[in-house]
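# Residue-level structural notes
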Amino acid sequence: MIVIVLLLISFFTGILAWMVPGQEKKEKINVIGSCILACTGIVLSWQVFSMGTFYAIDRAIYVDPFSALIIIVIVIVNLAVSLYSIPYLKREVSHGLVTREQSEKFYLWYHVFVTTMLSVVVVNNLGLMWVAIEATTLASALLVGFYDHKHSLEAAWKYVILCTVGITFGLFGTIFTYYSAMEILGHGTDALYWTKLMEIAPRLDPSLLKLAFVFILVGYGTKAGLAPLHNWLPDAHSQAPTPISAVLSGVLLNCALYGIIRFYSLTNSALLGEFSQQLLLVFGLVSIGIAVPFIVLQKDIKRLLAYSSVEHMGIIALGVGLGSKLALMGAMFHLFNHAMAKSMFFMAVGNIAQKFNTKNITRIKGIVHVMPATVVFFLIGAFALTGLPPFSIFMSEFTIAWAGFTAGKYMVSSLYLLFIALIFAGLGYHVTNMSFGRLSRRVAKEKENTWLLAAMCIPLLFVIGLGFSTPAFVTDILEQIAVVVGGE
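These notes cover the structure that comes with them. (Residues numbered from 1 in each chain as written. Predicted model: local features only at pLDDT ≥ 70, side-chain atom pairs only at ≥ 80, totals over all residues. Heavy atoms only, no water.)

## Some words on the overall build of the protein chain
Rule in force here: Helix and strand definitions here come from DSSP, where helices need a minimum of 4 consecutive H or I residues and strands a minimum of 2 consecutive E residues; each element is numbered from the N-terminal end. Taken over C-alpha atoms, the radius of gyration is set against a globule rule of 2.2 Å times the number of residues to the power 0.38. The rule is simple: take the accessible area with a 1.4 Å probe, protein chains only, and divide by the maximum for that residue type; under 20% is buried, over 50% is exposed, in between is partly exposed. Contact criterion: two residues are considered in contact whenever any of their non-hydrogen atoms come within 4.5 Å of each other. Computed with the Shrake-Rupley method and a 1.4 Å probe, the accessible areas treat only the protein chains shown as cover for residues.
Within the protein chain one finds 19 helices and two strands. Its C-alpha radius of gyration of 21 Å places the protein chain within 12% of the 23 Å reference for a compact globule of 488 residues. Considering only C-alpha atoms, the protein chain reaches an extent of 70 × 55 × 45 Å along its principal axes. Sorting the 488 residues of the protein chain into buried and exposed places 63% on the buried side. Contacts spanning at least 24 positions in sequence make up 80% of the contacts within the protein chain whose residues lie at least 6 apart. With the model as given, the accessible surface of the protein chain reaches about 17900 Å², and the carbon-plus-sulfur share is 68%.

As structure tokens, then:
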């Protein structure tokens, strides 16, 4: 029962880290638990990619290639963030920004949060998936408000209220889907199982299914940060501790997007693909376009990264909306690439913000002079996120653009390229000024923490490695996922 083990590892890592006395013991439990979780998640995912869909508990547990991809994203980012959080929290405690008591509770809520995200992608029941997505909000809200001051608490409340309202729309979409299936499958839980719904998709009421998809897109789109439903995201990212910001952006948004894409697969199988694709294209383009001015004119580095997340969620939605096998492969590849690059970039920004004691872009200059190792990760992360070759995001962004032109979506593809070009210019301007500008104030150079650098190396391997070469097995995995997402 490897899936249950996966969930229990994360949950009990948090419980043990909370109950065991002594900060060093808590840190060791945090790292050991995350290492075991990573190994278990990769083994499970590899089994799925090699042998096909995994079922358990009378098909209540369901892991297909798409689920497996998200599991890999979760466990890899979790491992990097778990390593990163140890020295990060120590520094926050030493600076008096958090108390030791607060830091001791961090690992509990963090690993509970990870457990809820894993739960989203392993359940076969769309009602339970809705519950799990709502649980991610409740668990992560405590971490968004972790600093317990006015701005962080305000961001946490805004996050809870907006996402809960959005999730309520998602519940209506779930109910409409159930009602449509109930006439065929009866009143039992079968009418809530993805596998059953996919089997009868062509027989579902198309009007109800269209209405359900609209509610799902608005509801889960709020949680995924798709514009114009993204209002909570900049505040939450800017006020949360950096390790949590990395997980929110690299993983949590993908979990909400997972729900949307599952319903997209259902509508596609019900021969309503054109309807859902048009909506995803609109939301995708609007998200990318809205991110442009906020990135170009931004003054807060963590808010800049938040709007970058809005952009990249839009790119994934756009890729799915194009609908072809090539576009879906590009979108799924981009989902993984963004998670790796954004988590690494957030960790580099966290180092810099702690060193300069500010998140204000105009007050951070000359990073290369005081943090020569961190600035390497900072520059790679920034230029990877803008789609510069030879990094992996270039490959996925190019694939989506090529798929768009191949499908005859010339206007959509042209706007897409224009927006990402403007974002490249804006982000590139900020990053080069911050990295190579003249130090505007006295900042002492000191040895950089080895564990912080080691944590960033984990996602860096994928950002660089998958940019230079895409192994045949990766292409095969993406093809498997494209088949699942396409509803074939």
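## Looking at the packing of aromatic side chains
What counts, and what does not: Within 6.5 Å between ring centres, the rings of Phe, Tyr and Trp (the latter by its six-membered ring) count as paired, and their orientation is classed by plane angle as stacked under 30 degrees, edge-to-face over 60, tilted in between. Only lysine NZ and arginine CZ atoms are considered, and such an atom sits over a ring when it is within 6 Å of the ring centre and within 35 degrees of the ring normal.
Across all of its chains, the model carries 19 aromatic pairs by this definition. Counting every residue linked through ring pairs, the aromatic cluster contains Phe106, Tyr107, Tyr110, Phe146 and Tyr147. Cation over ring: Lys210 sits above Phe275, and NZ or CZ is 5.4 Å from the ring centre.

## Some words on helix H2 (residues 23–51)
What counts is decided by this rule: Multiplying 1.5 Å by the helix residue count minus one yields the expected span of that helix.
Compared with the 42 Å implied by 1.5 Å per residue over 29 residues, the 42 Å span of H2 between its first and last C-alpha is a close match. Where H2 terminates, the next one or two residues include Gly52, which has phi positive at roughly 105°.

## Focus: unusual backbone geometry
Residue Ala227 is joined to Pro228 through a cis peptide bond whose omega torsion reads 5°. Within the secondary structure layout, Pro228 lies in the loop between helix H8 (206–224) and helix H9 (232–239). The backbone of Leu271 sits at a positive phi, close to 65°, despite the residue not being glycine. Here Leu271 lies in the loop between helix H10 (242–269) and helix H11 (273–296). In this model, Asn357 sits at a positive phi of 60°, which is unusual for a non-glycine residue. Position of Asn357 relative to the elements: it lies in the loop between helix H13 (325–356) and helix H14 (367–370).

## Examining the packing of helix H6 (residues 150–185) against H10
We apply this condition: Orientation is described by axes fitted as lines to C-alpha atoms, over the contacting stretch for helices, and by angles from 0 to 180 degrees between their N-to-C directions. Geometric relationships in this document are graded by angle, where less than 35 degrees denotes roughly parallel, more than 145 denotes roughly antiparallel, 65 to 115 denotes roughly perpendicular, and other angles denote oblique. Working rule for handedness: look at the near helix, and if it is turned counterclockwise from the far one by less than a right angle, call the crossing left-handed; if clockwise, right-handed.
Running from amino to carboxyl end, H6 crosses H10 at an angle of 20°, the nearest separation of the two axes being 12 Å. As summarised for this structure, H6 and H10 are arranged roughly parallel, according to the angle between their axes. The handedness of the crossing between H6 and H10 is left-handed. Each of Tyr159, Gly173, Thr174 and Thr177 in H6 lies in contact with H10, whose residues at this interface are Leu248, Leu252, Phe263 and Leu266.

## Some words on a nonpolar patch on the surface
Definition in use: Patch construction takes residues with relative accessible area above 30% that form no salt bridge. Like charges are linked within 9 Å, and nonpolar side chains (Val, Leu, Ile, Met, Phe, Trp, Tyr) are linked within 5 Å. Salt bridge criterion: a side-chain nitrogen from Lys or Arg within 4 Å of a carboxyl oxygen from Asp or Glu.
Taken together, the side chains of Leu153, Trp157, Ile161, Leu162, Val165 and Phe169 define a hydrophobic patch exposed on the protein surface, amounting to about 560 Å² of accessible area. Tracing the backbone through its elements, the reader meets Val165 in helix H6.

## What to know about the packing of helix H3 (residues 65–94) against helix H18 (residues 450–468)
The criterion, for reference: Ten residues, namely Ala, Val, Leu, Ile, Met, Phe, Trp, Tyr, Cys and Pro, are considered nonpolar, four, namely Asp, Glu, Lys and Arg, are considered charged, and the remaining ones, Gly among them, are considered polar.
Their axes nearest at 7 Å, the elements H3 and H18 cross at an angle of 160°. When the axes of H3 and H18 are compared, the pair comes out roughly antiparallel. The chirality of how H3 crosses H18 is left-handed. The residues of H18 that touch H3, namely those facing Ile76, Leu79, Ala80, Leu83, Tyr84, Pro87 and Tyr88, are Trp451, Leu452, Ala455, Ile458, Pro459 and Phe462. Each residue belonging to the contact of H3 with H18 can be placed in one class, and the counts come to 13 nonpolar, no polar and no charged.

## Describing the pattern of salt bridges
Inspection of every chain in the model, using the stated rule, returns four salt bridges. In this structure, Lys90 engages Glu27 in a salt bridge whose closest nitrogen and oxygen atoms are separated by 3.7 Å. With Lys90 in helix H3 and Glu27 in helix H2, this pair connects stretches of sequence that are 63 residues apart. Its salt-bridge partner being Asp235, residue Lys158 comes within 2.8 Å of it at the nearest N-O pair.

## Regarding the environment of Leu252
Within the element layout of this structure, Leu252 appears in helix H10. Distance in space between the C-alpha atoms of Leu252 and Gly22 is 30 Å, their sequence separation being 230 residues. Beyond its immediate chain neighbours, meaning those up to four positions away, Leu252 contacts Phe113, Met117, Thr136, Ser140, Tyr159, Lys223 and Val247.

## So, the state of the cysteines
We count it as follows: Pairs of cysteine sulfur atoms within 2.5 Å are identified as disulfides in what follows.
A full pass over the atoms with the stated rule returns zero disulfides. Cys255 supplies the cysteine sulfur nearest to Cys163, a cysteine that is in no disulfide, at a spacing of 13 Å. On the basis of relative accessibility, which here comes to 0%, the residue Cys163 falls in the buried class.

## Section: the environment of Leu266
Mapped onto the fold, Leu266 is located in helix H10. For Leu266, a relative accessible area of 0% puts it in the buried group. As a C-alpha pair, Leu266 and Gly381 span 115 residues in sequence and 35 Å in three-dimensional space. Leaving out residues up to four positions away in the same chain, Leu266 has contacts with Thr177, Trp194, Leu197, Met198, Ala201, Leu204 and Leu209.

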